[in-house]
Amino acid sequence: MGIVGHAGCGHAHSNNGFLQDDSGGLAATLALFQEAFCLPLSIVRVDVSVGRENADISVTTACGGIGSSSAKRGITPHEARLAQSVLGQEAIRTQALAMQAFGRMYGQGADEVPVALQIAIANAAMDSFAKCFPERFHFADEGIAGNCGKVLGAVLDIEGAPVSVMALSNATEGGLGPVEELEGNVFAGGKVNVMAPLLLDRLPTIIVEGKVFTTPVCLGLAHQTWLVRAHADHDNPVVAEALMQAAKHLQQPAIYPRDALKREKGGMAALTKKCGDTIAALGQRIGCSTGAFEKTRALAELIAFASQEAGAVSFMSDKLHELVGGPGAMPGTAAVLSALVTKQYIDVHVQPFLSEGDVRDYVNILKASVTKLKAVLPEATRHMERLRYQGNLNHLCT
């Protein structure tokens, strides 16, 4: 079986008020690797090149892992000082650390420096394992134009079962974020070099996603709750049921809406057009404005829409989305695990962010899920083989 988790660097917002820390999967897989290999991931250096040209951030961990990223519109000395606040922290909760330094996270080029810091932390963490245990890990670049993320994978013994575990950062050059063509277990790009030797293109897989607020699902929640997603026609409900059984075993709340993740032909294309139409209408409104406050208010609406709602369409290409859906789930192979927060949480914190306790909870439910899935693995494999896509998806990553 497999476990896959990513960080969509800069993918903090989506449409209809969707908010997330999209690094839960990477944090969980890094924590599994750290537990297995006892590797320190504390950040010991943050080197920043300031200015408008050649501005970048480089992060170094205690064991020599290095990751870096550029910031398209430059880095100020003030931002360089703020970035130092992550020193001494474990390079696991990548979005939360970037938010700790800069307060918030926005993608689509709205605020590149926090995204660049997150990318550097994520890549440094994965580079740490690749450097210290090169014989145990497969390591690769994302390998698609415009991206600078990394892919790391190994086989771990989890609860007595061999599990292929893969961590990855989906990271756009310049700190733009997000381009997540290679999220989840999408078999394409540089991921092929990691997934193939781990057989992750043909294993029932748990895809670990982030910490999320989404209406209307979260409005009625009294406590943080696991969300399990797998559509019977497209994904692997046997894996989903194993996740639900694990949550029950741990006495943690979980929901499994059976209609989630239904693939829609033309769905992303239609949403992209709607996004463009909204931006065009705002542009027309700005062009017709004459008063200063009127212009400012319209521009603020445009910026808010582009930096938040538009995250729903910028992260994945239309045709790829029709096949793998938002979490990047190869047909028949996977179920998706996320953590849902309450409205009360969002009212206080504004944006979700992973805590150390969240990471422990992810690790615990994944271990319990491995035990539950092991008992039904033949059934999960049979379901997967009925739907599994043969070959890679490079032709859909545009």
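Quick note: structure is the one above.
Now for a look at the structure at hand. Nothing here was measured: the structure is a model prediction, and the numbers come from that model.

**A look at the packing of aromatic side chains**
Next up, step 1: Scanning the entire structure with this criterion turns up 7 aromatic pairs.
Next up, step 2: An angle of 50° between the planes, with centres 4.9 Å apart, marks the rings of Phe-37 and Phe-137 as tilted. With Phe-37 in helix α1 (residues 24–37) and Phe-137 in the loop between α4 (112–132) and β6 (138–141), the pair connects residues that are 100 residues apart, well separated along the chain.
Next up, step 3: Residues Tyr-345 and Phe-353 carry aromatic rings whose centres are separated by 6.4 Å and whose planes lie at 45° to one another, so their mutual orientation is tilted.
Next up, step 4: What makes Tyr-345 buried here is its relative accessible area of 15%.
Next up, step 5: Among the aromatic residues, ring-to-ring pairing joins Phe-33, Phe-37, Phe-129, Phe-133 and Phe-137 into one connected group.
Next up, step 6: The ring of Phe-353 carries Lys-211 above its face, with NZ or CZ at 5.9 Å from the centroid.

**As for the sheet that holds strand β5 (residues 66–70)**
Next up, step 1: Pairing is antiparallel across the open sheet formed by 3 strands, whose spatial order is β3-β4-β5. The two strands at the open ends of the sheet, each matched to only one other strand, are β3 (43–49) and β5. On average, each strand axis in the sheet is tilted by 15° relative to the strand beside it, whichever way the strands run.
Next up, step 2: One ladder, built from 6 bridges, connects β3 with strand β4 (residues 56–61); its direction is antiparallel. Of the residues in β4, the one forming a bridge with Asp-47 is Ser-58.

**Thoughts on the pattern of salt bridges**
Next up, step 1: Going through the model one piece at a time under the given rule, you end up with 14 salt bridges.
Next up, step 2: Among the ionic pairs, Lys-131 bridges to Asp-127, the shortest N-O distance being 3.1 Å. Highlighted residues: Lys-131 and Asp-127, both in helix α4, separated by 4 residues, approximately one helical turn.
Next up, step 3: A residue is classified by how much of its surface remains accessible, and Asp-127, at 11% relative accessible area, is buried.
Next up, step 4: The residue Asp-277 makes a salt bridge to Lys-273 at a minimum N-O spacing of 2.9 Å. You can see Asp-277 and its partner Lys-273 sitting in helix α7 (residues 267–288), 4 residues apart, about one turn around the helix.
Next up, step 5: Judged by its relative accessible area of 42%, Asp-277 falls in the partly exposed class.

**Some words on unusual backbone geometry**
Excluding glycine, a negative phi dihedral is what most residues carry, and trans is how most peptide bonds are arranged.
Next up, step 1: Of note, the amide linkage connecting Gly-177 to Pro-178 takes the cis form, showing an omega dihedral of -15°.
Next up, step 2: Take Pro-178: it is sitting in the loop between β8 (161–170) and α5 (192–198).
Next up, step 3: In this structure, the amide linkage connecting Thr-215 to the following residue, Pro-216, adopts the cis form with an omega of 0°.
Next up, step 4: Following the sequence through the fold, Pro-216 ends up in the loop between β9 (205–213) and β10 (225–229).

**Considering the pairing of β5**
Next up, step 1: Covered by surrounding structure in β5 are Gly-67 and Ser-69 only, the residues Ile-66, Ser-68 and Ser-70 on the alternate face being uncovered.
Next up, step 2: As paired strands, β4 and β5 are joined by 5 bridges and run antiparallel to one another. Counterpart to Val-59 in the pairing with β5 is Gly-67.
Next up, step 3: In this structure, the hairpin formed by β4 and β5 is closed by a connection of 4 residues, where Gly-64 is found at a positive phi of approximately 95°.

**A word on the packing of helix α3 (residues 94–102) against α4**
Geometry of a packed helix pair, given as the angle between the helix axes and the separation of the axes.
Next up, step 1: One way to put it is that α3 packs onto α4 with a least axis distance of 9 Å and a crossing angle of 140°. It follows from the interaxial angle that α3 and α4 lie oblique. For α3 against α4, the interelement crossing comes out right-handed. Residue-level inspection shows Thr-94, Gln-95, Leu-97, Ala-98, Ala-101 and Phe-102 of α3 in contact with α4, the latter providing Val-113, Pro-114, Leu-117, Gln-118, Ile-121 and Ala-122.
Next up, step 2: Among the residues forming the contact of α3 with α4, the class breakdown is 9 nonpolar, 3 polar and no charged.

**Brief notes about the side chain of Asn-147**
Next up, step 1: Assignment of secondary structure puts Asn-147 in the loop between β6 and β7 (150–158).
Next up, step 2: By relative accessible area, Asn-147 is classed as buried at 9%.
Next up, step 3: A distance of 3.0 Å separates the side chain of Asn-147 from the side chain of Glu-142, its partner in a polar contact.
Next up, step 4: Other than its neighbours up to four places away in sequence, Asn-147 contacts Glu-142, Asn-170, Ala-171, Thr-172, Glu-173 and Val-179.

**Considering α4**
Next up, step 1: Across its 21 residues, α4 extends 30 Å between first and last C-alpha, which sits within 8% of the 30 Å expected from 1.5 Å per residue.
Next up, step 2: Buried residues dominate α4, accounting for 19 of its 21 residues.

**A closer look at the environment of Pro-178**
Next up, step 1: Pro-178 gets classed as buried once you look at its relative accessible area, which sits at 2%.
Next up, step 2: As for Pro-178 and Ala-312, which are separated by 134 residues in sequence, their C-alpha atoms are 9.8 Å apart.
Next up, step 3: In this structure, Pro-178 is in contact with Cys-9, Gly-10, His-11, Gln-108, Thr-172, Ser-314 and Phe-315, ignoring residues within four places of it in sequence.

The rules behind the values
Residues numbered from 1 in each chain as written. Predicted model: local features only at pLDDT ≥ 70, side-chain atom pairs only at ≥ 80, totals over all residues. Heavy atoms only, no water. Phe/Tyr/Trp six-rings, centres within 6.5 Å; stacked < 30°, edge-to-face > 60°. Helix = DSSP H or I, 4+ residues; strand = E, 2+ residues; numbered from the N terminus. Buried < 20%, exposed > 50% of the residue type's maximum accessible area, 1.4 Å probe, protein only. Lys NZ or Arg CZ within 6 Å of the ring centre and 35° of its normal. Pairing = 2+ DSSP bridges. Axes fitted to C-alpha atoms, helices over the stretch in contact; angles between N-to-C directions. Salt bridge = Lys/Arg side-chain N within 4 Å of Asp/Glu carboxyl O. Parallel < 35°, antiparallel > 145°, perpendicular 65-115°, else oblique. Left-handed = near helix turned anticlockwise from the far one by under 90°. Contact = heavy atoms within 4.5 Å. Nonpolar A, V, L, I, M, F, W, Y, C, P; charged D, E, K, R; others polar. Polar contact = N/O pair within 3.5 Å; in protein donor to acceptor, adjacent residues only side chain to side chain. Expected span 1.5 Å × (residues − 1).

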